[in-house]
Amino acid sequence: QKEVEQDPGPLSVPEGAIVSLNCTYSNSAFQYFMWYRQYSRKGPELLMYTYSSGNKEDGRFTAQVDKSSKYISLFIRDSQPSDSATYLCAMSVVGSGTYKYIFGTGTRLKVLA
Amino acid sequence: EADIYQTPRYLVIGTGKKITLECSQTMGHDKMYWYQQDPGMELHLIHYSYGVNSTEKGDLSSESTVSRIRTEHFPLTLESARPSHTSQYLCASAMSNSYNSPLHFGNGTRLTVT
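To keep things clear, this report deals only with the structure shown in the data block. All values reported here derive from a predicted model rather than from experimental measurement.

### Some points on the sheet that holds strand β1 (residues 4–6) of chain A
Residues and elements named next belong to chain A. Taken together, five strands build an open sheet; the order of strands is β1-β3-β8-β7-β6 and the sheet is antiparallel. This sheet does not close on itself; its edge strands, each paired only once, are β1 and β6 (54–58). For this sheet, the mean inter-axis angle between neighbouring strands, taken without regard to orientation, is 20°. With six bridges joining them, strand β3 (residues 19–25) and strand β8 (residues 71–76) adopt antiparallel strand pairing. Paired with Thr 24 across the bridge in β8 is Tyr 71.

### Observations regarding the pairing of β8(A)
Residues and elements named next belong to chain A. With six bridges connecting them, strand β7 (residues 61–66) and β8 associate as antiparallel partners. What sits directly across from Val 65, in β8, is Ile 72. Hairpin connection from β7 to β8: four residues lie between these consecutive antiparallel strands, with Lys 70 at a positive phi of about 55°.

### Points about the packing of aromatic side chains
Applying the stated criterion across every chain yields a total of 13 aromatic pairs over all chains. Here Tyr33(B) and Tyr48(B) contribute two aromatic rings whose centre-to-centre distance is 6.2 Å and whose plane-to-plane angle is 20°, an arrangement assigned as stacked. Of this pair, Tyr33(B) sits in strand β4 (residues 31–37) while Tyr48(B) is found in strand β5 (residues 44–51), placing the two residues 15 residues apart along the sequence. Here the two residues Tyr33(B) and Tyr48(B) agree in accessibility, since each one is buried. A cation over a ring is seen here: Lys56(A) above Tyr49(A), with NZ or CZ 4.4 Å from the ring centre. Stacked on the ring of Phe74(B), the Lys or Arg Arg68(B) has its end atom at 5.8 Å from the ring centre.

Rules of the game
- Residues numbered from 1 in each chain as written.
- Chains lettered and ligands numbered in written order.
- Predicted model: local features only at pLDDT ≥ 70, side-chain atom pairs only at ≥ 80, totals over all residues.
- Heavy atoms only, no water.
- Pairing = 2+ DSSP bridges.
- Helix = DSSP H or I, 4+ residues; strand = E, 2+ residues; numbered from the N terminus.
- Axes fitted to C-alpha atoms, helices over the stretch in contact; angles between N-to-C directions.
- Phe/Tyr/Trp six-rings, centres within 6.5 Å; stacked < 30°, edge-to-face > 60°.
- Buried < 20%, exposed > 50% of the residue type's maximum accessible area, 1.4 Å probe, protein only.
- Lys NZ or Arg CZ within 6 Å of the ring centre and 35° of its normal.

Purely spatial values, then, with no claim about function.
Right under this line is the structure:
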C-alpha cells in the first residue's frame, strides 16, 4: 500500500466551478502537508503548506487537513482555465535527523472555458 | 518564484555516455534533493544532501552519483546512460530548521537516452 494515495484524474470542470482535490495517507507520523501545482514541462510550484489540522486559505485556494481521518484536501474557488495543471500533494516527517517527503501521483485538472 | 536552476532543460544522448545534470540554488538552503518523475507516477527520491560534504542515496539511486562541495550546487552524474534512464529529473531544496519546511523545485531536466 502506498503511503499517500491520490486520485490521478483527469478531472474536467467548467470555468467558475469549485474544485476539490484530495489525498489520503497511512502514516500518522506525517506532520507537514503541502500542495504543488505543476504545469506541463515545468517543475512543481509550491501552492500552500500547513502543519496543523483545519483550514488555511490563500486567495482562491483553501487547504484542509484532517489528521484524525488522515485526509487532506485542496479547494479551488472560481476555477479558471489557467488552473489547468497537475496538482500534487506532499507530506513530510522528521525523525532521527532525516527529512522525508512523500508525494502523491498527482491529479490532472482541466478547467474548460 | 523559487531561485533554483537546472541545466540543461532538455538533453538527448546516446547509450553509454556520461552525463552531469546541474542544479544550483541561491536561497542558501542546506537541504537539497534529486527526484525522478515519470508521467502518472509519484516522484522517486534519487539522492539527497543535508549540507556540504553530506550525501545520501534515496530509494532509486539508479547508478547515479552526486556531490555537494558547495552549499548552492548539487550536480547529479550518470556514469553510463541507458534508455531506462529516460525520464524527467527534478532538483529541489529546503531550509534547515527545527520544523519541516516545504520543498522548492527547479524546472527539471528532461533526459532522453537513445
